[in-house]
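# Architecture and fold: a report
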Amino acid sequence: MKRFWMRSLTGQWVTLVLLALAVSQLLFFAIYRGDQMRTVFLLRRDEFLSRAASVSRLLDSAEPNLHPGILNAANTVAVRYWLGEKPANDPIEWEKAARESLMESSRPPRLEDLPVIEGVKWEELTTEEWKGESQAHLLHLPDWNGFGLTTKTKEGSWLHAVYAKPGAPVGPPGSYYVSMVITAVAICFVTALVARRVGRPLGRLSDAAEKLGRGEETPPLPEEGADDVRRTAVAFNRMQSRLKLYVEDRTRMMAAISHDLRTPITSLRLQAEFVSDAETRDKLVTTLDEMKEITEASLAFAREDAVLEATRNVDVMALLESLCEDLSQLGWEVRFTGGEALAWRCRPDSLRRALRNLIENAVRYGGAAAVSSERGSSELKIHIDDEGPGIPAAEQEKVFIPFVRLESSRNRSTGGTGLGLAIARTIVRNHGGDISLQNRSPKGLRATIRLPLD
Ligand SMILES: Nc1ncnc2c1ncn2[C@@H]1O[C@H](COP(=O)(O)OP(=O)(O)O)[C@@H](O)[C@H]1O
Ligand SMILES: [Mg+2]
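These figures come from a predicted structure and were not determined experimentally. (Residues numbered from 1 in each chain as written. Chains lettered and ligands numbered in written order. Predicted model: local features only at pLDDT ≥ 70, side-chain atom pairs only at ≥ 80, totals over all residues. Heavy atoms only, no water.)

## Notes on the overall build of the chain
Assigned secondary structure in the chain consists of 11 helices and 12 strands. On C-alpha atoms alone, the chain measures out to a radius of gyration of 48 Å, which is more than a quarter above the 22 Å that the 2.2 N^0.38 rule sets for 454 residues. Overall, the C-alpha framework of the chain stretches about 160 × 50 × 35 Å when taken along its three principal axes. Looking at the chain as a whole, 35% of its 454 residues are labelled buried. A sequence separation of at least 24 residues applies to 62% of the contacts in the chain between residues at least 6 apart. About 27500 Å² of surface is accessible on the chain, with carbon and sulfur atoms providing 57% of the total. Charged side chains of the chain number 59 positive and 61 negative; the gap between the two group centres comes to 3 Å. (Helix = DSSP H or I, 4+ residues; strand = E, 2+ residues; numbered from the N terminus. Rg over C-alpha atoms; globule rule 2.2 N^0.38 Å. Buried < 20%, exposed > 50% of the residue type's maximum accessible area, 1.4 Å probe, protein only. Contact = heavy atoms within 4.5 Å. Areas by Shrake-Rupley, 256 points an atom, 1.4 Å probe, with all protein chains shown as cover. Lys, Arg positive; Asp, Glu negative; His and termini not counted. Charge placed at Lys NZ, Arg CZ, Asp CG, Glu CD.)

## Here we look at the side chain of Glu 95
Turning to its location among the elements, Glu 95 is positioned in helix H4 (residues 91–103). The residues contacting Glu 95, other than those within four sequence positions of it, are Pro 115, Val 116, Ile 117 and Trp 144.

## A few points about the domain arrangement of the chain
For the chain, the domain assignment lists domain 1 (4–163) and domain 2 (311–452). The straight-line distance from the C-alpha centre of domain 1 to that of domain 2 is 91 Å. (Domains from an automatic or database assignment.)

## So, the packing of helix H2 (residues 9–61) against helix H5 (residues 174–213)
Running from amino to carboxyl end, H2 crosses H5 at an angle of 150 degrees, the nearest separation of the two axes being 9 Å. In this view, H2 runs roughly antiparallel relative to H5, as classed from their interaxial angle. With respect to the hand of their crossing, H2 and H5 are arranged in right-handed fashion. Here the contact of H2 with H5 is built from residues that sort into 16 nonpolar, five polar and one charged. (Axes fitted to C-alpha atoms, helices over the stretch in contact; angles between N-to-C directions. Parallel < 35°, antiparallel > 145°, perpendicular 65-115°, else oblique. Left-handed = near helix turned anticlockwise from the far one by under 90°. Nonpolar A, V, L, I, M, F, W, Y, C, P; charged D, E, K, R; others polar.)

## Thoughts on the sheet that holds strand S9 (residues 369–375)
Spatial ordering of the open sheet is given by S7-S9-S10-S12-S11, a layout of five strands whose pairing is mixed. Two strands in the sheet have a free side with no partner beyond their single neighbour: strand S7 (334–336) and strand S11 (434–439). Each strand of the sheet is rotated relative to its neighbour by a mean of 20 degrees, with strand direction disregarded. With seven bridges connecting them, strand S10 (residues 379–385) and strand S12 (residues 445–452) associate as antiparallel partners. Of the residues in S12, the one forming a bridge with Glu 379 is Pro 452. This element, helix H8 (residues 316–329), spans S7, S9 and S10 of the sheet and lies at about 155 degrees to S7. (Pairing = 2+ DSSP bridges.)

Quick look at the structure:
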């Protein structure tokens, strides 16, 4: 079983479009976020350096007793300045002092947000970057999301600065997610709408094809919508009308032939009466009577086929029961094991005829008929069982051919023209089903009608 979103057209489209959206957003992030982060980094670095340079120049121009006040004034939550006696050659030592200084700020970062800085080195700043008096060195602290700086003052002490903004958000802002969700929902909605527009004609087409398969007549499909869909509808309509013409032509032809044969047969029959040899005359008459019966049966079948009955919703079980009852009253031996009521769309009179032909065979060749039903999830089976001689496996398909009768039944002169099974199969196939025959053990035949339950 495929999952829902892969089964329906709408599901497939929505999945595909959402996938495309996700991929495009990921690409966008990979390209633009990297760029953006780089810009922000450079801006912060510039800002940090120019502020540190200001503080350094201020210290150089002020009396030493003013230095603590200046540093205090320059300190912010994220940027801290302090003076030291020694240069900060070892980053590990510098780190300790920087951490202490950060902890003294009014809103100190959490200690666990300041991991040990590893593998960082002081890098000398060029005069381009550093506008202070004496040489300065810079530390990049990606783990702290900041920088460190050290430079010498005029008095010979060292000015240190640290900038740390740990735990700063790295992902996109919340509004981004909101807009993403809105976009995704809007896209899903539009896609579903389009998919339904495309899918509706397809649904109509499959319904119509299903009906056509059951022999129901359906009004022509509306020829509208996208080009491909419209062409399909046009092709289906054309097929349906051609099929109808074809069937009508054939039926009319068969009716005409049967009809036209009647006159010469009747005339032959009259002439046969004048044959003097009694034996020959009897043979001729019997053969001609048989021929007449065959043409009559063909004509009846053609006529019936020509006026296709309209489909109706009927309870198949009730139909079976009443048929069996009617046949029992005619003196036939028919048993019916009932089943649950089942409403089904069919041509009830035709279906009755098909069933009747099978029951008739069972009674005629097997003495009695037992009718039962079996309901599956997708089809209904109707069994007609008898305890007659059965039919050799090799002949079980042949007997469906019109006018085919097995030698054994000819000899027993059971009557009949060999059309019963052909007619029954035509009718059942017109309902989208089929008939099959099977020998029963120890003896007898089972005829099974299968009808599709959509
Ligand atoms: N229940 C059955 N048992 C044995 N033979 C059967 C049975 N049903 C049909 N047949 C064979 O199949 C042939 C064709 O059947 P059908 O088409 O109904 O024509 P008909 O009954 O007019 O001969 C029969 O002549 C008979 O030989
Ligand atoms: Mg028959």
